[in-house]
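Structure assessment
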Amino acid sequence: MMAGITSYGAYIPFYRLGKDTAGWGRPIEKPVVNFDEDSITMAVAAGMDCISGGDREVVDSLIFATTTSPYIEKQGAAMVAAVVDLRRDIATNDATNSLRAGTQALRSAVDAVKAGSAKQVMVTAADCRTGTPGTEFDQTSGDGAGALLIGNEGVIAEVIDSYSVSDEVLDNWRAEGDSTVRTWEDRFVLQTGYLSVMPEAIQGLLKKVNLDIKDIDKAVLYGPNPRRHAEMARQLGLDAGQVQDPLFGQMGNTGAAYSLMQLIAALEEAKPGQKILVASYGDGADAILLETTDQITNFNGKRGIKGNLEKKRIRKSVGVRGATVKGLEGGPPSASARWRARESIDRLHGAKCLSCGLIQYPPQRICSRCHTKDQWQTVRLSNKPGKIFTFSLDYLVGGVDSPLAITIINFEGGGRGMFTMTDREVEDVQCEKPVEMTFRKLRSSGGVHNYFWKAMPQRF
């Protein structure tokens, strides 16, 4: 049975370190999460891009791949599936603890579709790894997320075959309690690990499908940095035109999401009938061969890698990476109260009165206009654009997001709600300003990451 990619989406944080950033000192750009972003919020954004214009009801599994899940014991996939507003009766799974988590999730999704245990599987991969300041890792890594929808109808790139190598080597690791990635001596890490194991997986795949490296139209290669990525391409005998731009100077190495995000960038430029090789590394290596179909010529409308790279704002100073900031102060939320309101908090569901058509958020049993009781239908507001009706700037609350922008948002088609505004400067907060919704972290307290939706200036 054919199985392959039917849709894709991506997310790259709005803020970048660049040549005008004080304390950065490098000509290249690097995307960094805002204070209220993490791997879950980025995976949600990529998943929303992937499913936009599609049918959520046909997705019956979601895999969340990352090495930087906000929780050690609590599934991230369940949160991502709820916020993207998928069905309840789906399978969810986290793929973690390896830079290969993204491609391993892709392989699992393809196997599930081929076996018939799932018709459509969403794979979301996101990472925001932190290195010791000033090291090469800190300078070449970036934050981002990619999402793929795997199915057997409307396939734009069929997964032909794959080959994996499992290899136990202590090259890069992060133990419990570590905030930064550790690494062993550079020559050992590269020669014993990366430059040895990834070619083994690629050659194994090419032999399995009876192809030569010159038969590959585009090679998507994981690489720890630009120098080693180029060395890998030379070692494999690839011409420059065969190698997908690794985007080190614009996107950086995004960890478990890196190979999938490069694949999405390759698909954005691909033509029908092209063979794409994807290779990732981490405790072994995965090599996957895809072939694009005629369907790819009609596929568009996604923000993807290209769209996200164009929308950016350069930070004035390096500051502190958002993933380590605890945001606004306050205690943890009540788990029971949050559970009771989970449909309006996570899925951003409002209620439309069946009598007069008024949309209310949060949902109310009694319509505030016609007073009809318990006659309403659910309305998803997370994917609706809106405009600022009015706002307040609070300069006294302090914290990392001062002044706090509190806005009243009128949604297109009806509905109004109060949300704080993020990814904005003060001049962005104006009445009638177009906005879109983004899932972010309000604060972390007592071991609980408290998420909710915020408004942000419309980017696309």
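Data block above holds the structure.
Residues numbered from 1 in each chain as written. Predicted model: local features only at pLDDT ≥ 70, side-chain atom pairs only at ≥ 80, totals over all residues. Heavy atoms only, no water.

Focus: the nonpolar core
For soluble globular proteins, the rule of thumb is that nonpolar side chains tend to be buried together. The biggest cluster of nonpolar side chains holds 76 residues, and the ones touching the most others in it are I5, L148, I150, M198, I202, L221 and I305. Not counting the four nearest positions on each side in its chain, L221 is found in contact with M198, I202, H229, M232, A233, L236, L238, Q262 and A279. Counting residues in hydrophobic clusters, the runner-up holds 47 residues, among them M42, I409, M421 and V435. (Core = buried A, V, L, I, M, F, W, Y, C linked by side-chain atoms within 4.5 Å. Buried < 20%, exposed > 50% of the residue type's maximum accessible area, 1.4 Å probe, protein only. Contact = heavy atoms within 4.5 Å.)

Digging into the sheet that holds strand β15 (residues 349-353)
Backbone-to-backbone hydrogen bonds pair the strands of a sheet. The strands run either parallel or antiparallel. Pairing in this open sheet of 3 strands is antiparallel, and the strands run β16-β15-β17 from one edge to the other. Each having just a single partner strand, β16 (359-360) and β17 (376-380) make up the two edges of the open sheet. (Pairing = 2+ DSSP bridges. Helix = DSSP H or I, 4+ residues; strand = E, 2+ residues; numbered from the N terminus.)

Describing the sheet that holds strand β2 (residues 15-17)
Spatial ordering of the open sheet is given by β3-β2-β14, a layout of 3 strands whose pairing is mixed. What marks the edges here is a single partner per strand, and that holds for β3 (30-31) and β14 (313-314).

Looking at the environment of R347
Relative to the helices and strands, R347 is located in the loop between α10 (342-345) and β15. Judged by relative accessible area, which is 9%, R347 ranks as buried. In this structure the C-alpha to C-alpha distance between R347 and Y281, which are 66 residues apart in sequence, comes to 35 Å. Contact partners of R347, with chain neighbours within four places excluded, come to A82, D85, L86, R88, R342, R380, S382 and W453. Engagement of the side chain of R347 in a polar contact is seen with the backbone oxygen of L86, the distance being 2.8 Å. (Polar contact = N/O pair within 3.5 Å; in protein donor to acceptor, adjacent residues only side chain to side chain.)

Topic: the packing of aromatic side chains
Applying the stated criterion across every chain yields a total of 11 aromatic pairs. Measuring from centroid to centroid gives 5.7 Å for F248 and Y258, while their planes differ by 55 degrees, and the two rings are tilted. Residue F248 is located in the loop between α6 (226-236) and α7 (258-269), and its partner Y258 is located in helix α7; the two are separated by 10 residues in the primary sequence. Each member of the pair, F248 as well as Y258, is classed as buried. With 5.9 Å between their ring centres and 25 degrees between their planes, Y361 and F419 make a pair best called stacked. Residue Y361 is located in the loop between β16 and β17, and its partner F419 is located in strand β20 (residues 416-420); the two are separated by 58 residues in the primary sequence. Each member of the pair, Y361 together with F419, is buried. Of the aromatic side chains, those joined through ring pairs into one cluster are Y194, Y222, F248, Y258 and Y281. The aromatic ring of F460 is capped on one face by K311, whose charged end is 5.8 Å from the ring centroid. Sitting above the plane of the W339 ring, R342 keeps its charged end 4.1 Å from the centroid. (Phe/Tyr/Trp six-rings, centres within 6.5 Å; stacked < 30°, edge-to-face > 60°. Lys NZ or Arg CZ within 6 Å of the ring centre and 35° of its normal.)

Quick notes on the pairing of strand β6 (residues 121-127)
Remember that side chains alternate between the two faces of the sheet whenever the strand is regular. Across the 7 residues of β6, 7 count as buried, placing the element largely inside the fold. Neither face of β6 is exposed, since V121, V123, A125 and D127 on one face and M122, T124 and A126 on the opposite face are all buried. As judged from the 5 bridges shared by strand β4 (residues 61-66) and β6, these two strands associate in the parallel manner. Bridge assignment links A65 to a residue of β6, and that residue is A125.

Topic: helix α2 (residues 76-84)
Among the 9 residues in α2, 8 count as buried, and that is most of the element. If you check which residues of α2 are buried, you get G76, A77, M79, V80, A81, A82, V83 and V84. Its buried side turned inward, α2 meets α1 (39-51), β4, β5 (91-96), β6, β21 (434-445) and β22 (448-457). For α2, the side-chain oxygen to backbone nitrogen distance between the N-cap and A78 is 3.4 Å, and the N-cap itself is Q75. In the segment just after α2, D85 is the residue with positive phi, at about 75 degrees.

A short note on the pattern of salt bridges
Applying the stated criterion across every chain, the model contains 26 salt bridges. Residue R347 is joined to D85 by a salt bridge in which the shortest nitrogen-to-oxygen separation is 2.8 Å. Of the two residues, R347 sits in the loop between α10 and β15 while D85 sits in the loop between α2 and β5, which places them 262 residues apart along the sequence. Exposure remark for D85: the relative accessible area of 9% places this residue in the buried category. R313 is the partner of D428 in a salt bridge, and the nearest nitrogen-oxygen pair spans 3.3 Å. With a gap of 115 residues between them, D428 in the loop between β20 and β21 and R313 in strand β14 connect regions that are remote in the sequence. Judged by its relative accessible area of 11%, D428 is buried. What makes R313 partly exposed here is its relative accessible area of 24%. Ionic contacts of the salt-bridge type, sharing partners, join the residues D36, E37, D423, R440, K454 and R459 into one network. (Salt bridge = Lys/Arg side-chain N within 4 Å of Asp/Glu carboxyl O.)

Structural notes on the packing of helix α5 (residues 186-209) against α6
Packing of α5 against α6 brings their axes to within 11 Å, and their N-to-C directions diverge by 45 degrees. The orientation of α5 with respect to α6, classified from their angle, is oblique. Here the hand of the crossing between α5 and α6 comes out right-handed. Residues D186, L190, Y194, L195, M198, P199, I202 and Q203 of α5 form the contact with α6, whose own contacting residues are R228, H229, E231, M232, Q235 and L236. Within the contact of α5 with α6, the residues separate by chemical class into 8 nonpolar, 3 polar and 3 charged. (Axes fitted to C-alpha atoms, helices over the stretch in contact; angles between N-to-C directions. Parallel < 35°, antiparallel > 145°, perpendicular 65-115°, else oblique. Left-handed = near helix turned anticlockwise from the far one by under 90°. Nonpolar A, V, L, I, M, F, W, Y, C, P; charged D, E, K, R; others polar.)

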